[in-house]
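Summary of structural features
Listed below are the residues making up each chain.
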Amino acid sequence: MKFDTPSAENPTDRLRVVGQPVDRIDGPLKTTGRAPYAYEHHDGFTGGFADGLARPAYGHVLGAGIARGRIRSFDAEAARRAPGVLAVISADNAGPLGQGPRNTAKLLGGPRIEHYHQAIALVVAESFEQARAAARLIRVEYAREAGEFDLAKVRDSGRAPQDEPDRRLGDFAAAFAASAVRIDAVYRTPDQSHAMMEPHASMAAWDGDRLTLWTSNQMIAWGRADLAKTLGIRPEQIRLLSPYIGGGFGGKLFVRADAVLAALGARAIGRPVKVMLARPLVFNNTTHRPATIQRIRIGATADGHIHAIAHESWCGNLPGGSAETATQQTQLLYAGAHRLSALRLATLDLPEGNAMRAPGEAPGLMALEIAIDELAEKLGLDPVELRIRNDTPVDPHEPQRRFSQRQLVECLRTGAARFGWAQRNPVPGRTRDGRWLLGHGVAAAFRNNLVMKSGARVRLGRDARVTVETDMTDIGTGSYTVIAQTAAEMLGVPLAQVDVRLGDSDFPVSAGSGGQWGGNCSTAGVYAACMRLREQIAQRLGFRDAAAVRFADGEVQAGGRVAPLADAVRDGELLAEDSIEFAGLDRKYQQSTFGAHFVEVGVDAATGETRVRRMLAVCAAGRILNPKTARSQVIGAMTMGVGAALSEALHVDPRLGCFVNHDLAGYEVPVHADIPHQEVIFLDGADPVSSPMKAKGVGELGLCGVAAAIANAVYNATGVRVRDYPLTLDKLLGQMPAPG
Ligand code: MOS
């Protein structure tokens, strides 16, 4: 199904099942431990193989001990002789390996080493403990080479990425110089780790030249293609399965070393092999969100209209790696006739940087939304009002492109009223609750709505059960549930009559889980397949005009005639497959999602300890397919924003070129005790331009702006403006208001 005109009224508009806050259908499986994750295919699990999977062997990954250089000698003799060891795989004996286009560094390094903890060997043994113990016996000598690990040092060597040229409108320099009120400040965001709960894990089994890989991956088709390229086989020889995923956040968009090495290990020993990355390897072996240095200049009229706005951002990556596009929202969020945005990408020899939840906007708004707060203060204008005053109904660079929907102002107004913003004292450091200095902060949220082709097939079985199959993944987001809701609505059956099967490369290729496009696009693909199935059902039941047929309550009706749905499959099941193909509406209209975050913090007047006391998000993201799963996404994202604001940073060891805090003791993510009451409001608003589902992404929107709202609240509490994330107490101490 081509989607090239805004959607008219369609069966999902009934909102009998779609749009309802139903529980996750996979919840009972997960809470009782019966949803098998990639590493959990234990004894007795056959995976469709006649035998063999009953006794998987275990692989342990050895990571490089240098950041850049060569392996001079690699001695695995002692490891090979160690108890239980079945094989040691390294670049010496793995045979030629290719590289998937979505991987920046090789997933098996050697002799060349491109980053610290790049995988250099897999030890395969009968037990996990034997594999781990033997890996410690491998002797590696390196020829270490100097590398660049400090963004501040290399930033001036950065170049504009080829696909992200500078964007200019008007004459920024002149307009800025002529502006009545100006701010010019530099902000820093650190390297961050996805730190998902389930580490990267895979289990591989070969049957002749065909590979089955159970893995934890967000994008089945990308993973299969990249794995095939790496192994030098055809994609059709690989079956990739990823039905349950313990979090991804972008860290599992691409196959990683666990997948490749499990495949190589299993091929070497002729037996299934399981590989899970040990927690420390997740931080340095896999991808991370790259650090940025951002300079923002804004010039405004005395009455608070932005006249000139410039956002420049510097970042680094391995050669061939992509840039963190932190300037992206600044091109679209606020009005202003004179504009400049520029990215600079330098070479760093740190582990590979790549997408992490809301890549671009998440770190971009961490800077921009503090800058707006600073401008508001300089203007003596309320920060909510300043944002409202600079709303733009069109893409400022291409005014003929309107936003399909834009509810930023409504988000801000609704949030301000609900939060009690009017009671905030705009003068910093004046509000106290005992030893706590209280502060209130706001930030806008913005994230583009991306669309990707997505396919599905739908079967109506002889028992009138509906089965949906698509390679879409559920990374904890609720994909199973919103897909079941879509099929139930489209075919007029109860939710319990729908089975959803996901995360298998044998199923039609979906949009996958990334960039907050998964919910909208994958359900739109299911919608397309269901439209096909409805035609078949109508035909079987003798209804001439398929478009006029209504599906409801297990019945099919048109022209005064009613037939039970089950009658359509009396003579055999029906199967339909289709995909949604987005054809141009995303170019004609700017499609974005909007929100506003409001935060109350308390900062301990003596210690500088910051506690978040209240959080409110107002989100406008098209139709909300399931308010319960959407709320879970948003409160999870808000929690991630608390980490970004207050604790999360990968700290670089400039001698070794690695992230030193490579576990969850040193890389601190928020825990329950850190998180207060969170409230989420979704504004109504189906967006017929986004898809037949009229939904948009929301899972990343919930993160965008949160950290800045917290930083602004900390400023309001203390009068200390921190522009360098995270806002740890050392950055506040010494500048706090005198007790009094
Ligand atoms: Mo998202 S960073 O595309 O999983």
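Residues numbered from 1 in each chain as written. Predicted model: local features only at pLDDT ≥ 70, side-chain atom pairs only at ≥ 80, totals over all residues. Heavy atoms only, no water.

Glancing now at the pairing of strand S16 (residues 338-347). S16 sits mainly inside the fold: eight of its 10 residues count as buried. By the bridge criterion, three bridges tie strand S8 (residues 167-169) to S16 in an arrangement that is antiparallel. Considered in S16, the bridge of Arg168 is made with Leu340. In this structure, strand S15 (residues 306-317) lies alongside S16, joined through 10 bridges in parallel fashion. Note that in S16 the partner of Trp314 across the bridge is Arg344. (Buried < 20%, exposed > 50% of the residue type's maximum accessible area, 1.4 Å probe, protein only. Helix = DSSP H or I, 4+ residues; strand = E, 2+ residues; numbered from the N terminus. Pairing = 2+ DSSP bridges.)

Structurally, the protein comprises domain 1 (2-35 + 451-584), domain 2 (38-146 + 206-273) and domain 3 (387-449 + 591-731). Here the C-alpha centre of domain 3 lies 34 Å away from the C-alpha centre of domain 1. With 33 residues of domain 1 in contact, the opposing surface of domain 3 contributes 27 residues. The junction of domain 1 with domain 3 conceals about 2200 Å² of combined surface from both sides, 54% of it contributed by carbon and sulfur atoms. At the junction of domain 1 with domain 3, the criterion picks out three salt bridges. The shortest N-O distance in the salt bridge between Asp23 and Lys628 comes to 2.5 Å. Secondary-structure elements contributing two or more residues to the side of domain 1 that touches domain 3 are helix H12 (479-491), helix H13 (518-540) and strand S27 (574-582). Per element, the largest residue contribution to the side of domain 1 that touches domain 3 is five residues, and it comes from H13. Here the residues of the side of domain 1 that touches domain 3 sort into 13 nonpolar, 16 polar and four charged. (Domains from an automatic or database assignment. Contact = heavy atoms within 4.5 Å. Buried area = accessible area lost by both parts, 1.4 Å probe. Salt bridge = Lys/Arg side-chain N within 4 Å of Asp/Glu carboxyl O. Nonpolar A, V, L, I, M, F, W, Y, C, P; charged D, E, K, R; others polar.)

With that out of the way, let us pick up the pattern of salt bridges. Using the criterion set out here, one finds 49 salt bridges in the structure. Put simply, Arg155 and Asp156 hold a salt bridge, and the shortest N to O gap is 3.6 Å. By relative accessible area, Arg155 is classed as partly exposed at 22%. According to the relative accessible area criterion, Asp156 is exposed, its value standing at 67%. Of the charged contacts, one joins Glu469 and Arg459 as a salt bridge, the two residues approaching to 3.9 Å between their closest N and O atoms. Of this pair, Glu469 sits in strand S22 (residues 466-469) while Arg459 sits in strand S21 (residues 454-460); the two residues are 10 residues apart in sequence, bridging distant segments of the chain.

Attention now moves to the packing of aromatic side chains. Taken as a whole, this structure holds 12 aromatic pairs when the rule is applied. With 5.4 Å between their ring centres and 75° between their planes, Phe446 and Phe594 make a pair best called edge-to-face. You can see Phe446 sitting in strand S20 (residues 436-448) and its partner Phe594 sitting in strand S28 (residues 592-604), a full 148 residues away along the chain. Overall, Phe594 belongs to the buried group, its relative accessible area being 0%. Three or more aromatic residues link up through ring pairs in this structure, and these residues are Tyr37, Tyr244 and Tyr480. (Phe/Tyr/Trp six-rings, centres within 6.5 Å; stacked < 30°, edge-to-face > 60°.)

It is worth spelling out the sheet that holds strand S11 (residues 210-215) at this point. Taking strand neighbours across the sheet as the criterion, the seven strands line up as S4-S6-S2-S13-S10-S11-S12 in an open arrangement whose pairing is mixed. Every interior strand has two partners, whereas the edge strands, strand S4 (85-90) and strand S12 (238-241), have only one. Recorded for the sheet is a direction-independent mean angle of 20° between the axes of neighbouring strands. Packed onto the sheet, helix H3 (residues 128-135) meets strand S2 (57-63), S4 and strand S6 (119-125) and runs at close to 30° relative to S2. Against the sheet, helix H7 (residues 257-269) engages S2, S4, S6, strand S10 (201-207), S11 and strand S13 (273-276), with an angle of about 35° to S10. (Axes fitted to C-alpha atoms, helices over the stretch in contact; angles between N-to-C directions.)

Our focus in this paragraph is unusual backbone geometry. Leave glycine aside and you will find that most residues have negative phi; peptide bonds, for their part, are mostly trans. Note the cis peptide between Gly110 and Pro111, where omega equals -5°. Looking at the element boundaries, Pro111 is found in the loop between S4 and strand S5 (112-113). Look at the link from Tyr725 to Pro726: it is a cis peptide, with omega at -10°. Relative to the helices and strands, Pro726 is located in the segment after helix H16 (706-718). Not every positive phi belongs to a glycine, and Gln516 is a case in point at roughly 55°. When you line up the elements, Gln516 lands in the loop between strand S23 (498-501) and H13. Since its relative accessible area comes to 10%, Gln516 is described here as buried. Unusually for a residue other than glycine, Asp553 sits at a positive phi of about 55°. Its location among the elements puts Asp553 in the loop between strand S24 (550-552) and strand S25 (555-558).

The next point concerns the side chain of Thr486. In this fold, Thr486 is placed in helix H12. Overall, the relative accessible area of 1% leaves Thr486 in the buried class. Of note is the side chain of Thr486, whose polar atom sits 2.8 Å from the backbone oxygen of Val482. Once you skip the residues sitting within four places of it in the chain, Thr486 turns out to touch Val18, Thr523, Val526, Tyr527 and Met693. (Polar contact = N/O pair within 3.5 Å; in protein donor to acceptor, adjacent residues only side chain to side chain.)

Tracing the chain through its elements places Tyr334 in the loop between S15 and S16. A relative accessible area of 1% places Tyr334 in the buried class. Along the sequence, Tyr334 and Asp391 sit 57 residues apart, while their C-alpha atoms lie 5.4 Å from each other. Tyr334 has contacts with Ile306, Arg339, Leu368, Glu369, Ile372, Arg387, Asn390, Thr392, Pro396, Leu408 and Ala444, leaving out every residue within four places of it along the chain. Only 2.9 Å separates the side chain of Tyr334 from the side chain of Glu369, close enough to count as a polar contact.

Attention now goes to the sheet that holds S22. Pairing in this open sheet of five strands is mixed, and the strands run S1-S27-S21-S22-S23 from one edge to the other. Each edge of the open sheet carries a strand with a single partner, namely strand S1 (2-3) and S23. Inspection of the sheet shows S21 paired to S22 by four bridges, in the antiparallel sense. What sits directly across from Val458, in S22, is Val468. On top of the sheet, H12 reaches S21, S22 and S23; it is set at about 140° to S23, its chief contact. Against the sheet, H13 contacts S21, S22 and S27, and its axis sits at roughly 140° relative to S27.

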